[in-house]
Amino acid sequence: MLFNSFIFIFIFLPITLIGWYGLNHYRRYESAKFFLTAMSLWFYGYFNFYYLAIIIVSIAVNYLLSVLLTFDKSMLWKRIGHRICLIAGIAFNLGLLFYFKYYDFFIENINSAFHTNFALKNILLPLGISFFTFQQLSFIIDRCLGRAEHYSLITYAAFVTFFPQLVAGPIVLHTEMIPQLEDTSNRRFNAQNFAQGIILFVLGLGKKVLLADVLALVANYGFGQAYSLDSLSTLFVILSFAFELYFDFSGYSDMAMGLARMFNIILPINFNSPYKACSIKETWQRWHITLSRFFTTYVYIPLGGNRRGKLRTILNILVVFFLSGLWHGASWTFVIWGCIQGLFVAWDSLGIVGIKGRAEKKPSKFHIPAWVGWLFTFTIFNLLWVFFRSESVSDALQMFKHLFGFEYTGKIFDIASKLDIAEFYVIKKALQVIAPDMIKYAFLLFLLIYLAISFFLIFRKNALEIAEDGKFSSAKCWGICIIFIWCIISLSQVSTFLYFNF
């Protein structure tokens, strides 16, 4: 089930809210958690009933390991049993992820390297498996290390399946969510939280429906025409995808936080205006924050972090970003994207060049103005999206070839014509009558306006800042209503979120 769908907005969400607060009103706290879990499983199974078996088995095995860890009467079990459970938990969760997400990629590379002919399984990737697997993996590691207690089955299931963050994050830690689920004071309706939740949800919905889905028309067509673009059209295609991905994923995260807040649950922020960053390292402190936190906590620090010298620090960073690239998808394009990101973060971590006006842990020999750092970061970060979005490495290299080939063929008008959306219908019809030759220029103007609006919104307050500023003026309320109505009208062209693929 999609957040940006009629069945979710007008059926699923009202039923879930009424059931949750109704059961809690009569102090049926365990029943309320069971109801929330059941509704979350309906939400997940709506995509494909087959997915339910996978997530239920995943929950059952991880919970069983947690149960085994409660039998810690002897020191021998604490030393050996906990280690066995840790290895079993990591093996099971990563094995499950490998089978469904990386098996065919692994076999393809084996066949290519050794000229074998092993058959591919063409396995259907379950939605959200990367997210709920990492969430459970963090829990079972913390359990084995004594950093998490054992919870009831229904509490654990509610934690894992909580529908706002189930299929695309944020990746929530047990310490962040379970205490909120267990706190009975959170079970009462809170008007302020609910109002902030609505604002966050609507702003996120607007990002997805009104911006990301429109820019996707240009980006999808452009990347499908990688071998026929010119320099100008390639530039516009890359910018379109950069803004599409940001508004798509941050929009989902805003909606997830907004929905959770309607239930008095505060989820961690996943995006904090990343395009305002002045270095690649700072960008990753603002982009997909909970994924970076996971890799920092469970990979980077156990490998030694920055405590074993500069060379080891660089190696640890590269390992983290290699895994981050692979986490995003089973393709060499994602691996290359992750490794290059890691190289830039490693460079920033050396502290050779600093940014004026920015607090830094390490003294730098040279400092550059913030605007120079921002321009470099914005350019490099968005150019690297070419690897992220391209179907193959050769397609990505072809995009760069066109971008830096400094050629012009007029392809930009073909690219801009894909921006044929309902909002422009009246203008397009009028131009067909008055000046038909101007239509292609009108679409180019529409594209420029959309990119300008996207760029402008990125440097304004983010959705969380708007929701939490405490001001519920009539202008803000009317603005939220207009955005919501506009989104509902535009829901006829429903599209999935990009990170559902990861």
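Our structure is the block above this text.
Q: Residue-level account of a nonpolar patch on the surface, with values.
A: A surface patch of nonpolar side chains, about 580 Å² in accessible area, is lined by Phe 6, Phe 10, Ile 11, Ile 15, Trp 42 and Tyr 46. With respect to the helices and strands, the residue Phe 6 is situated in helix α1 (residues 6–25). Residue classification places Phe 6 among the partly exposed residues on the basis of a relative accessible area of 41%.

Q: For the packing of aromatic side chains, give the residues involved together with the corresponding values.
A: The geometry of an aromatic ring pair is captured by the separation of the ring centres together with the interplanar angle, meaning the angle of the planes. Enumeration according to the criterion identifies 68 aromatic pairs in this entry. Ring centres 5.8 Å apart and planes at 85 degrees place the aromatic pair Phe 294 and Phe 295 in the edge-to-face group. Accessibility assignment for this pair places Phe 294 and Phe 295 in one class, buried. Here the aromatic rings of Phe 387 and Phe 400 are separated by 5.5 Å at their centres, their planes lie at 50 degrees, and the arrangement is tilted.

Q: I'd like to hear about helix α7 (residues 174–182), residue by residue, with values.
A: Turning to α7, its buried residues number three or more, namely His 174, Met 177, Ile 178, Gln 180 and Leu 181. Seen from one end, α7 has its buried residues packed into an arc of 160 degrees, which puts them on one side. Contacts made by the buried residues of α7 are with α1, α2 (29–45), α5 (129–144) and α6 (153–161).

Q: Any details on unusual backbone geometry? Residues and values, ideally.
A: Even without a glycine there, the phi angle at His 115 is positive, about 55 degrees. If you trace the backbone, His 115 turns up in the loop between α4 (75–114) and α5. Classification of His 115 by relative accessible area gives exposed; the value is 73%. Despite not being glycine, Asn 264 has its phi angle at roughly 65 degrees, a positive value. Considering the arrangement of structural elements, one finds Asn 264 in the loop between α9 (231–262) and α10 (280–284). Taking relative accessible area as the criterion, Asn 264 reaches 3% and is therefore assigned buried.

Q: Please set out empty space enclosed by the protein residue by residue, giving values where relevant.
A: Tallied over the entire structure, the rule returns three cavities of 30 Å³ or more. Volume-wise, the largest cavity comes out at about 50 Å³. The wall of the largest cavity is formed by Lys 207, Tyr 246, Ser 250, Asp 254, Met 257, Ile 269, Phe 271, Ser 273, Asn 462 and Leu 464. Here the element with the most residues in the lining of the largest cavity is α9; it accounts for four residues. For the lining of the largest cavity, a count of residues per class yields five nonpolar, three polar and two charged.

Q: Tell me what's going on with the pattern of salt bridges, and back it up with residues and numbers.
A: This structure, assessed with the given rule, holds 12 salt bridges. Of the charged contacts, one joins Arg 286 and Glu 282 as a salt bridge, the two residues approaching to 3.1 Å between their closest N and O atoms. Overall, the relative accessible area of 14% leaves Glu 282 in the buried class. Note that Lys 476 is salt-bridged to Asp 469, the shortest N-O span being 2.7 Å. Here the salt bridges share partners, and the residues they tie into one network are Glu 30, Lys 33 and Glu 182.

Calculation criteria
Residues numbered from 1 in each chain as written. Predicted model: local features only at pLDDT ≥ 70, side-chain atom pairs only at ≥ 80, totals over all residues. Heavy atoms only, no water. Patch = residues over 30% accessible without salt bridge, like charges linked within 9 Å, V, L, I, M, F, W, Y side chains within 5 Å. Areas by Shrake-Rupley, 256 points an atom, 1.4 Å probe, with all protein chains shown as cover. Salt bridge = Lys/Arg side-chain N within 4 Å of Asp/Glu carboxyl O. Helix = DSSP H or I, 4+ residues; strand = E, 2+ residues; numbered from the N terminus. Buried < 20%, exposed > 50% of the residue type's maximum accessible area, 1.4 Å probe, protein only. Phe/Tyr/Trp six-rings, centres within 6.5 Å; stacked < 30°, edge-to-face > 60°. Arc of directions from axis to C-beta. Contact = heavy atoms within 4.5 Å. 1 Å grid on protein atoms, 1.4 Å probe; cavity = no way out; pocket = protein on both sides within 12 Å on 5 of 7 lines; lining within 4 Å. Points joined across faces, edges and corners; volume = space filled by probe spheres on them. Nonpolar A, V, L, I, M, F, W, Y, C, P; charged D, E, K, R; others polar.

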